[in-house]
Amino acid sequence: MSNRTNKIPVMILTGFLGAGKTTLLNRILRDVRSSNTAVIINEFGETGIDGRFVEETKEEIIEINNGCICCNVRGDLIRILKDMLVRAHKEGTEIKRVIIETTGLANPAPVIQTFLMDDVMRYWFEMDSVCTVVDALHTDRQLHAHAVAREQIAFADKVIINKKDLVTKEELELLTARIQRMNPEAELFFAQNSQVPIFKLLDVFSFSLDQKLSVRPNMLDHHHHHHDDIQAIVLKDQRQIDPKRLDRWFSYLVQVKGENLFRYKGILHVKGQNRRVLFQGVHMLFASSADREWRQGEDKQNELVFIGRELEEEELRTGFAYCLGDIDFLTKGA
């Protein structure tokens with residue numbers, strides 16, 4: 001169980017069809033740290049397939065069939081997790097973590113939202129990481145053809161570029177650059193047969209801002225324009241931000257642009273606050289909290305990252321300028 005919050009950490013394992021998710025899950029389950037792990041496998045169709053390929057362990061493995069977690073079985077997911085909690089309490093056992101392997105056709109956003117929206121889920125569980133496995137050989141074509149493949153990368157904080165041995169060095173560099181443009185925040189791993197150090201994936205709380213918001217400086221200095229409809233736009237400024245204007249701008253973004261905002265997060269330098277303010281959101285769910293005090297000599301600045309579909313950079317910059325006092329009104333288009 002998480003030492004930080006005493007909540008049960010949840011890892012979401014996603015990736016397009018054939019990327020190597022089940023291979024990675026098997027590696028995790030072989031690891032000694034995976035004891036008392038509840039595993040939920042979502043397989044699309046009447047008959048489960050992936051469950052057969054998961055190694056026999058003492059872990060509890062539950063399959064959800066005939067539906068994708070990201071749509072009509074989310075209620076089942078909540079019910080299963082609640083049942084697990086009740087049963088563990090009756091048996092006097094402890095669930096130390098939950099791993100959810102989604103089908104290759106799933107957008108992970110609704111699964112993430114489940115742990116943010118449902119009161120019971122939020123009380124008992126904490127998002128640990130969203131790990132996306134990609135197939136180095138086929139991902140370029142998949143990203144072009146399938147929106148869900150792009151969304152899986154956009155929501156991740158860990159991306160494993162698997163099957164690196166099947167592509168040339170140049171192809172791997174091009175794919176890496178493309179993924180970094182889509183999600184500059186994600187930590188990248190390069191693997192064959194999904195071989196990744198397990199301790200870098202579990203109990204890392206990389207999805208949580210208060211644990212890991214050290215945005216890589218070399219990524220923040222670039223603004224991204226490319227052909228993918230998933231974009232990452234970064235806004236930075238050292239001036240203090242007006243909290244009332246910020247509320248107005250974010251209310252607009254969440255209500256009007258929420259469907260296209262996959263993930264957004266950052267550090268804010270707010271007027272009247274001697275602490276950093278952290279924020280993060282998924283679609284229309286948004287939360288902010290006061291963090292530690294600014295350290296002596298530390299650069300006090302706003303760092304905002306927006307990852308989403310068809311984002312308009314000028315529109316975001318206009319709203320940001322409004323919050324900084326550069327313009328006196330929030331235009332309809334911002």
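This write-up is about the structure you can find in this document. (Residues numbered from 1 in each chain as written. Predicted model: local features only at pLDDT ≥ 70, side-chain atom pairs only at ≥ 80, totals over all residues. Heavy atoms only, no water.)

Helix and strand content of the protein chain: eleven helices and twelve strands. Long-range pairs, those at least 24 residues apart, make up 74% of the contacts in the protein chain with a sequence separation of at least 6. For the protein chain, the computed accessible surface area is about 15,500 Å², with 48% contributed by carbon and sulfur atoms. (Helix = DSSP H or I, 4+ residues; strand = E, 2+ residues; numbered from the N terminus. Contact = heavy atoms within 4.5 Å. Areas by Shrake-Rupley, 256 points an atom, 1.4 Å probe, with all protein chains shown as cover.)

Here the focus is the sheet that holds strand 9 (residues 261-268). A sheet is described by the order of its strands in space; here five strands give the open sequence 8-12-9-10-11, paired in antiparallel fashion. With one partner strand each, in any of the chains shown, strand 8 (230-237) and strand 11 (285-293) form the two edges of the open sheet. Adjacent strand axes in the sheet meet at a mean angle of 10°, parallel and antiparallel pairs treated alike. Pairing of strand 10 (residues 275-282) with strand 11, which is carried by seven bridges, proceeds in the antiparallel orientation. Bridge assignment links Gly-281 to a residue of strand 11, and that residue is Phe-286. (Pairing = 2+ DSSP bridges. Axes fitted to C-alpha atoms, helices over the stretch in contact; angles between N-to-C directions.)

Looking now at the pattern of salt bridges. Side chains bearing opposite charge may pair, as long as their charged atoms lie close to each other. The final tally for this structure, using the stated rule, is 13 salt bridges. The shortest N-O distance in the salt bridge between Arg-178 and Asp-140 comes to 2.6 Å. Placement of Arg-178 in helix 8 (residues 169-182) and of Asp-140 in helix 6 (residues 139-145) is noted, with a sequence separation of 38 residues between them. Judged by its relative accessible area of 12%, Arg-178 falls in the buried class. (Salt bridge = Lys/Arg side-chain N within 4 Å of Asp/Glu carboxyl O. Buried < 20%, exposed > 50% of the residue type's maximum accessible area, 1.4 Å probe, protein only.)

To continue, consider the nonpolar core. Among the nonpolar cores identified, the biggest contains 50 residues, and Leu-81, Val-98, Phe-115 and Phe-125 are the most heavily contacted of them. Here the element with the most residues in this core is helix 3 (residues 74-91); it accounts for seven residues. Non-local contacts of Leu-81, meaning those with residues more than four positions away in its chain, are made with Ile-40, Val-98, Phe-115, Met-121 and Phe-125. (Core = buried A, V, L, I, M, F, W, Y, C linked by side-chain atoms within 4.5 Å.)

This next bit is on the packing of aromatic side chains. For the coordinates displayed, the defined rule picks out seven aromatic pairs. On the basis of an interplanar angle of 80° and a centroid distance of 5.4 Å, the ring pair of Tyr-123 and Trp-124 is categorised as edge-to-face. By relative accessible area, Trp-124 is classed as partly exposed at 38%. Seen in terms of ring centroids, Trp-249 and Phe-320 are 6.5 Å apart; in terms of plane orientation they differ by 35°. Their pairing is tilted. Here Trp-249 is found in helix 10 (residues 243-257), whereas its partner Phe-320 is found in helix 11 (residues 313-324), with 71 residues between them in sequence. Clustering of aromatic rings is evident, with ring pairs tying together Trp-249, Phe-250, Tyr-264, Phe-279, Phe-306 and Phe-320. (Phe/Tyr/Trp six-rings, centres within 6.5 Å; stacked < 30°, edge-to-face > 60°.)

Bringing helix 10 into the picture now. With 15 residues, helix 10 extends 20 Å from end C-alpha to end C-alpha; this agrees with the ideal 21 Å at 1.5 Å per step. Of the residues making up helix 10, those classed as buried are Arg-245, Leu-246, Trp-249, Phe-250, Tyr-252, Leu-253 and Val-254. Against strand 8, strand 9, strand 10, strand 11, strand 12 (302-309) and helix 11 lie the buried residues of helix 10. Between the side-chain oxygen at the start of helix 10 and the backbone nitrogen of Lys-244 there is a gap of 2.9 Å, and the oxygen is on Asp-242. (Expected span 1.5 Å × (residues − 1). Polar contact = N/O pair within 3.5 Å; in protein donor to acceptor, adjacent residues only side chain to side chain.)

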